[in-house]
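# Structural description and commentary
If you want the building blocks of each chain, they are given just below.
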Amino acid sequence: MENIESDSADPFGLSEEQADTDRLLRQLLGTAIADRYADFCRLSSGRLPLTVSRPLAGHALRELDSLIRDVLAVPMDARAVDDREQEVCRRKARRLLKKMGFDDGAVQRAGDGLKPRFSHRTQIERITGRLGLAPDSDVTKLWIELNETYGRVHERSFHERLEADDTFRAQYARRFDTVVRALAVQLQDRYAALMRRAKEIAAMPPAKGIKLFVSEIPGAIQLHLYFYENLTSHEWLPFLEAEGLLREPLPDAQISSMLRLWAWPVGRYLVRMASSNNAATRKIVERALRALKSSTHHDVQRLGLDIIAALPAGEAATLADVVAGWLTPDTAYAQASPHKIIATLAGTGHVEAALRVTGAVFQVFERGGELTAFFEPVMYEHYLNGAVNELAKAAPLLALPQFCDLLLHASRTDQRLGSVSEGDYSYYMVGSLTPGQADGGDILSAIIRAIVKFAVAAVEADPSSVRPVLEVLSKYSPRIFRRIELHVLARAPAAAPDLADKFLTDTALIDAEWCRQEYGELAKARFPHLSDDRRQRIFA
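Residues numbered from 1 in each chain as written. Predicted model: local features only at pLDDT ≥ 70, side-chain atom pairs only at ≥ 80, totals over all residues. Heavy atoms only, no water.

### Observations concerning the pattern of salt bridges
Going through the model one piece at a time under the given rule, you end up with 29 salt bridges. Glu148 is the partner of Arg121 in a salt bridge, and the nearest nitrogen-oxygen pair spans 3.3 Å. Of the two residues, Arg121 is situated in helix H6 (residues 120–130) and Glu148 in helix H7 (residues 138–149); the sequence distance between them amounts to 27 residues. We note a salt bridge from Glu241 to Arg287, for which the minimum N-O separation is 2.9 Å. Of this pair, Glu241 sits in helix H12 (residues 237–242) while Arg287 sits in helix H15 (residues 279–291), placing them 46 residues apart in sequence. A cluster of three or more residues bridged by salt bridges with shared partners is formed by Asp20, Arg23 and Arg181. (Salt bridge = Lys/Arg side-chain N within 4 Å of Asp/Glu carboxyl O. Helix = DSSP H or I, 4+ residues; strand = E, 2+ residues; numbered from the N terminus.)

### What to know about a nonpolar patch on the surface
Taken together, the side chains of Leu96, Met100 and Phe102 define a hydrophobic patch exposed on the protein surface, amounting to about 330 Å² of accessible area. Counting through the fold element by element, Phe102 comes out in the loop between helix H4 (84–99) and helix H5 (104–113). We classify Phe102 as partly exposed; its relative accessible area is 41%. (Patch = residues over 30% accessible without salt bridge, like charges linked within 9 Å, V, L, I, M, F, W, Y side chains within 5 Å. Areas by Shrake-Rupley, 256 points an atom, 1.4 Å probe, with all protein chains shown as cover. Buried < 20%, exposed > 50% of the residue type's maximum accessible area, 1.4 Å probe, protein only.)

### Details of the packing of helix H23 (residues 443–461) against helix H24 (residues 466–473)
Direction vectors running N to C along H23 and H24 enclose 155°, while the axes themselves pass 8 Å from each other. Between H23 and H24, the angle falls in the class roughly antiparallel. Judged by the sense of rotation from one axis to the other, the crossing of H23 with H24 is right-handed. Judged by residue contacts, Ile451, Ala455, Ala458 and Val459 of H23 engage Val466, Val469 and Leu473 from H24. (Axes fitted to C-alpha atoms, helices over the stretch in contact; angles between N-to-C directions. Parallel < 35°, antiparallel > 145°, perpendicular 65-115°, else oblique. Left-handed = near helix turned anticlockwise from the far one by under 90°. Contact = heavy atoms within 4.5 Å.)

### A few points about empty space enclosed by the protein
Counted according to the given criterion, the structure contains 3 cavities of 30 Å³ or more. Of the volumes computed, that of the largest cavity is approximately 50 Å³. Lining of the largest cavity is provided by Leu25, Leu29, Ile68, Leu72, Val180, Leu183, Ala184 and Leu187. When contributions to the lining of the largest cavity are tallied by element, the ones reaching two or more residues are helix H3 (54–73) and helix H8 (166–187). Class assignment of the residues belonging to the lining of the largest cavity gives a composition of 8 nonpolar, no polar and no charged. (1 Å grid on protein atoms, 1.4 Å probe; cavity = no way out; pocket = protein on both sides within 12 Å on 5 of 7 lines; lining within 4 Å. Points joined across faces, edges and corners; volume = space filled by probe spheres on them. Nonpolar A, V, L, I, M, F, W, Y, C, P; charged D, E, K, R; others polar.)

### Notes on H7
Over its 12 residues, H7 runs 16 Å from end to end, which matches the ideal 16 Å to within 8%, given 1.5 Å per residue. Among all positions of H7, only Val139, Thr140, Leu142, Trp143, Ile144, Leu146, Asn147 and Thr149 are buried. Packing partners of the buried residues in H7 comprise H3, H6 and H8. (Expected span 1.5 Å × (residues − 1).)

### What about the packing of aromatic side chains?
Overall, the coordinates contain 15 aromatic pairs when judged by the stated rule. Arranged with centres 4.9 Å apart and planes meeting at 50°, the rings of Phe375 and Tyr383 form a pair that is tilted. Residue classification places Phe375 among the buried positions, given a relative accessible area of 9%. With 4.9 Å between their ring centres and 25° between their planes, Tyr476 and Phe481 make a pair best called stacked. Of the two residues examined, Tyr476 and Phe481, each falls in the buried class. Through successive ring pairs, a cluster of aromatic residues spans Phe362, Phe365, Phe374, Phe375, Tyr380 and Tyr383. (Phe/Tyr/Trp six-rings, centres within 6.5 Å; stacked < 30°, edge-to-face > 60°.)

### Regarding helix H1 (residues 16–28)
Taking 1.5 Å per residue, 13 residues should reach 18 Å; H1 reaches 19 Å between its end C-alpha atoms and fits that length. By the burial criterion, the buried members of H1 are Gln18, Thr21, Asp22, Leu24, Leu25, Arg26, Gln27 and Leu28. At the C-terminal side of H1, Gly30 shows a positive phi close to 100°.

### Brief notes about the environment of Ser445
Note on placement: Ser445 falls in helix H23. With relative accessibility at 1%, the residue Ser445 sits in the buried group. Along the chain, Ser445 and Leu407 lie 38 residues apart, while their C-alpha atoms are 9.1 Å from each other.

### Remarks on the nonpolar core
Of all hydrophobic cores here, the largest spans 160 residues; its most connected members are Tyr380 and Ile451. Considering each element in turn, this core owes the most residues, 14 residues, to H23. When near neighbours in sequence (up to four residues on either side) are disregarded, Ile451 contacts Leu400, Phe403, Cys404, Leu407, Leu473, Phe481 and Ile484. (Core = buried A, V, L, I, M, F, W, Y, C linked by side-chain atoms within 4.5 Å.)

### Description of the packing of helix H19 (residues 337–347) against helix H20 (residues 351–361)
At a minimum axis separation of 8 Å, H19 and H20 run at an interaxial angle of 155°. Considered as vectors, H19 and H20 are oriented roughly antiparallel to each other. H20 is crossed by H19, and the crossing has left-handed handedness. Contacts between H19 and H20 involve Pro338, His339, Ile341, Ile342, Leu345 and Ala346 on the former and, on the latter, Val351, Ala353, Ala354, Val357, Thr358 and Val361.

What follows is the structure in structure tokens.
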């Protein structure tokens, strides 16, 4: 082992070799064990501003040693097997102790102490043997020697500083480092034993299996992925929830850069459980997502949206605020689930929830001085059309004001319009409002066409809706809203003849270039029904 002092790749004490060991541990045994190893290395380095660091480093060493032995004991056949005969003997011993007057705690401890177990030496020899190391190998002997001397690590003194000094590093740190690295290297070729154990536990009744999963299966992503892939029963879900295993994974920037795997393995299981016919199962899924509302973990958000998309519409609707909370300008957005959620909610009458999700998915924001969204402009228009078609069938009049507000926000965010009067900007954003016209895949034009779609759909479904539609549009000052009013009113002028006449006789509109086409549409529809004096006024 190279000297820690002279080979530092980390200002807090990890050498290059230790950093590589840390990487192996993260891949093979997960974040929790690797973090403990890294902290042990830092405590042992003597670089941390601690005076009494030796007891802390010693405790970290013993805990890490115990964790590794616990994780490897079963898959490496290094745990003593209990049997029925021994259990009967222990039961008799407990009854006898009870008669002798010992309290329940003492009786329980005595019973636990009588359970069969290997000595540390035997367990270490079993583990190293299964990993391909001989009983008399340097690593095996070194590991046994360390276990026999751990007690001295915690020796107390009122007359020494007890720093993690060169002596501590020579006696314990470097030797234990050698053992840990050798175990990690050997484990790479024998990792199937841990995978088999994960699959065995997944096949057990959950009341029994959950205890073994928590105590034996480390947090390595590939182990958990394999475990949850083999977990098909919904009966496990309450036990996983009770153990806090539905939360987001431990933060680990190194894992995300090393492994191209999904970092929230339980998420895939929850996607399957969201489709369950069992209402109680889905309720647990809903609670799990509600608890993750503030999570910024990419895989929690990505799989969380898949989970919500798999739930029945009524239950998905209650989680619309969770979707909206996850979709922020910093979200790494690249999936189809939100569009499926919008279609499902709108198609089943959960319009307010659908609109909340729609607002989150198609929000616009400024980035690098430009108006942007989760998608490139062409794809923004493509996805928006799909959502608008669903909402236009469900409740166009309800969707209309939200999209009017979105257009106003987008226009004020777009710096290209900074020198253009707000009353005029829309004139430059879209040509004809007639369906089928293209405007180059611009975000603003896509929103404008959505507003037109909602307004027209409302009037076509019920001509009397023309008044409430115009009432909504009239609250916005930019000229594009006047154009849309003319365009929509031309569809049902008889439903609001007073408004049609008012627009047609407005001298500011008659020869205005910016609304020429829309004014013409209304004139064709309404002009034949005007009185002679009104026609003459327009001609004049």
